[in-house]
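Architecture and fold: a report
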Amino acid sequence: MKRILTLLLSLCLIACFVGGCSTSSDTPPKKARFTIVTSFYPMYIDALQLTKDVPGVKVICLTKPQVGCLHNYQLTPENIKTLERADLFIVNGAGMESFLDKAARTRPDLVTVDASRDLRLITDSHGHENPHVWVSIPNKIRQIENITGPLTAADPEYAEAYRHNSKRYIGELSAIQAKMDDAVRTATKKSFVTMHESFFYLAKDLGLTVTDVITSEHGHEPSAKDVEECIRLMKETNTEIIFIEPQYHEKTAQTIARETGATIYTLDPVVTGDITSDSMTDYLRKMEANAQVLKEALR
Ligand SMILES: [Zn+2]
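Overview of the structure. All figures in this text were calculated on a predicted structure; none of them were measured in a lab.

1. A few points about the sheet that holds strand β7 (residues 241-244)
Taken in spatial order, the four strands of this open sheet run β6-β5-β7-β8, and their pairing is parallel. With one partner strand each, in any of the chains shown, β6 (209-213) and β8 (263-266) form the two edges of the open sheet. With direction set aside, neighbouring strand axes in the sheet form an average angle of 35°. Summarising the sheet, strand β5 (residues 191-194) and β6 pair through four bridges and their orientation is parallel. Each bridged residue has a counterpart across the sheet, and for V193 the counterpart in β6 is D212. Each of β7 and β8 touches helix α9 (residues 251-260); the most contacted strand, β7, lies at about 175° to it. Of the strands in this sheet, β7 and β8 are in contact with helix α10 (residues 282-298), which crosses β7 at around 160°.

Below, the structure written as structure tokens:
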């Protein structure tokens, strides 16, 4: 009996190796027919949606999906190697990727798709354009349209499939936008404070006002003077909501909430995530959750 079990086990192991279920790194990966590299996580989701069920496509996120916004991000040698493998490079644009010149020097022949082409950008008081365009479903739909054309041109054999995916995803995005619109229809509050400049486009879509931004740059704690000014502005404008983001510490928000009596809620700008089998629907799921939070916060 023992011998039979040993034999069966050996056969299983042989079958496993022959069948290719070994995960050894020596096994050469199956070569993709068409490789798309995206600059960061939000664009990675777009590429997954647009290439759904298209054979032989590999989508790679250039930066780790936990990196978040690419403000001041510098390309690593590993990133450059990844770009060398790309057939198409999809970026958010609107100033989010400050490394595009370097990327173009690395791969002058690489077609780079600027998803924010022709989008109307919001400019701050210093004249800086706000790159967080994707945190607005109408903008996201424009981005999908901007990507679809160059994608079909780069891989024409599957143009019909890409167009089909584009139409399907835009339909799904529009359904979530209807929930966003519904959330503000009954709103009694129309202004809020945020942690960084992520939600200006969303506010504009929904007719809301961003009273103040607590931290203007990633990793920079606001000064005591910034906090004081924020509290003053909130009192002056009767702002009762602070939207924090999962990517930020909420200590400052708590201090401000204590001083103003405001309530803290979490909105997710869908800038980070984990690369899993669910990544493709992450934008839809998080924006739907945001619509629910808005409904609760603004009423
Ligand atoms: Zn940002």
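2. What about the nonpolar core?
Membership of the largest hydrophobic core comes to 72 residues, with the highest contact counts inside it found for F89, F243, Y283, M287 and L294. Residues lining this core come from more than one domain, with at least three contributed by each of domain 1 (34-178) and domain 2 (187-267). Leaving out residues up to four positions away in the same chain, F243 has contacts with F192, V193, T194, M195, Y265, L267, V293, L294 and A297. Counting 14 residues, the second-largest nonpolar core is a separate cluster that includes M195, V227, I244 and I256.

Basis of the calculations
Residues numbered from 1 in each chain as written. Predicted model: local features only at pLDDT ≥ 70, side-chain atom pairs only at ≥ 80, totals over all residues. Heavy atoms only, no water. Pairing = 2+ DSSP bridges. Helix = DSSP H or I, 4+ residues; strand = E, 2+ residues; numbered from the N terminus. Axes fitted to C-alpha atoms, helices over the stretch in contact; angles between N-to-C directions. Contact = heavy atoms within 4.5 Å. Core = buried A, V, L, I, M, F, W, Y, C linked by side-chain atoms within 4.5 Å. Buried < 20%, exposed > 50% of the residue type's maximum accessible area, 1.4 Å probe, protein only. Domains from an automatic or database assignment.

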